Structures are given as C-alpha cells and as structure tokens.
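Residue-level listing of the chains:
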Amino acid sequence: MKRSTKNLVFTALCIAIGLLLPSVFHLFGAGSQLLPMHLPVLLCGFLCGVPYGAFCGLVTPLLSSLLTQMPPLFPTAPAMMLELCTYGALTGLFYQKLRWNVYPSLIAAMLGGRIVSGLANAAFMGMSGAAYGFEMFLTASFVTALPGILIQIVVLPLLVLALQKAGFLSHSGLRAAH
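Residues numbered from 1 in each chain as written. Predicted model: local features only at pLDDT ≥ 70, side-chain atom pairs only at ≥ 80, totals over all residues. Heavy atoms only, no water.

Q: Where do I start with the overall build of the protein chain in this structure?
A: Counting its regular elements, the protein chain contains eight helices and two strands. Secondary structure of the protein chain in N-to-C order comes out as α-α-α-α-α-α-α-α-β-β. Relative to its length of 178 residues, the protein chain is compact, with a C-alpha radius of gyration of 16 Å against a globular reference of 16 Å. When its C-alpha atoms are laid out on the principal axes, the protein chain stretches across 55 × 30 × 30 Å. (Helix = DSSP H or I, 4+ residues; strand = E, 2+ residues; numbered from the N terminus. Rg over C-alpha atoms; globule rule 2.2 N^0.38 Å.)

Here is the structure:
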C-alpha cells in the first residue's frame, strides 16, 4: 500500500479514536483533566507528518462538537481546533521533518499548542464576552491538564517507539510492515 494511502487511513483512524476516547473519558468525569482528544492527534502528527497531523487536529474537535456537543461549538471548539491543529502540525514538523527525538518533539509541540490555545481562547472568549486572563490560561493549560500532560509524556513516546521497534514506523513516517 502506498505511503499516502497509509497516512490517510491512519489519520482517519486517529480522528475516529479522537471522537471515541473523549466520550469514554467523560463517562468517568475525567475528560478535561486527561485530555483524551489530544492523544490521537499528537500520535497522528508523529506517524504521518505535518499535513495529516494538522488536519486531524483541525477536524477532530469540530466533528466531536457537531456529533456530541463536546466541546461546545463556540467558543471552545474553535480554540481547540487551533490548539490541536498546532499539536499535530508541530509533532509532524519536529519529528518527521526536523528529525528531533520523540521527547523534545512532544514537549515542544505541547508548549506550542498551549500557546496557541491561550491566544485563541483569549480571542474567542473575548468575542463571547467572557473574561480570559493569564491566570485562567495557566490553570486550564497546566494545572487542570496536568494528569493529561503526564499521560501524554508517558504514553505517546512508548507508542511511537513500540511502532518503530515493530517495524511499522520509521523516523520519516509510516512504512510497510515486514
């Protein structure tokens, strides 16, 4: 199977997982703390590269909002779309294009996405008449999200490295299994 076809299939799978995981996590009241939608988007960027990761990050929150009303369509969904688009694009950029190691790629993408999230939330919350200051940004992006951040730091590198070791992933993207 061609690499582009594999990337499309894997991106669709990541979008589907990104739609299912939050529903499961919200059943236990842990969605906003564990950041379940972030995991497949970040993974898609690692495995498929910039355009696929960005697309996955842009589309997943929108579809989730339209199908499940999570996140709310405005102002949360557009901010998440930009945040997750950034995660997917940056993991693809740092890992696939610049060939950084897994951990620096992940940490840099997580920081970049949170900066975009803060800016987007400030803009969209302002449009809706809600206040969004630096303290709210720090609380939402780092304090409340700490369990999800830790899960990302532990789980994603293990998944990426396991896929490499199994022969399903090279440092430059998905490749044929042996």
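Back to the write-up after that little detour.
Q: What exactly am I supposed to notice about helix H4 (residues 50–68) here?
A: Structurally, the α-helix is built with 3.6 residues per turn, so residues lying three or four positions apart point the same way. The first and last C-alpha atoms of H4 sit 27 Å apart over 19 residues, in line with the 27 Å expected at 1.5 Å per residue. Listed in full, the buried residues belonging to H4 are Tyr52, Gly53, Ala54, Cys56, Gly57, Val59, Thr60, Pro61, Ser64 and Ser65. Against the buried residues of H4 lie helix H1 (3–27), helix H3 (38–48) and helix H5 (76–97). (Expected span 1.5 Å × (residues − 1). Buried < 20%, exposed > 50% of the residue type's maximum accessible area, 1.4 Å probe, protein only. Contact = heavy atoms within 4.5 Å.)

Q: In this structure, what is going on with a nonpolar patch on the surface? I would like to understand it.
A: Taken together, the side chains of Leu62, Leu63, Leu66, Leu67, Leu73, Phe74 and Met127 present a nonpolar region at the surface, about 680 Å² in accessible area. The element contributing the most residues to the nonpolar patch is H4, with four residues. In this fold, Leu66 is placed in helix H4. (Patch = residues over 30% accessible without salt bridge, like charges linked within 9 Å, V, L, I, M, F, W, Y side chains within 5 Å. Areas by Shrake-Rupley, 256 points an atom, 1.4 Å probe, with all protein chains shown as cover. Salt bridge = Lys/Arg side-chain N within 4 Å of Asp/Glu carboxyl O.)

Q: Would you take a moment to explain H5 for this structure?
A: Here H5 spans 30 Å end to end across 22 residues, near enough to the 32 Å set by a 1.5 Å rise per residue. Among the 22 residues of H5, 18 are classified as buried, and the element is accordingly described as predominantly covered. Taken from the residues just after H5, Arg99 is the one with a positive phi, measuring 60°.

Note that all results are geometric; they support no functional claim without further evidence.
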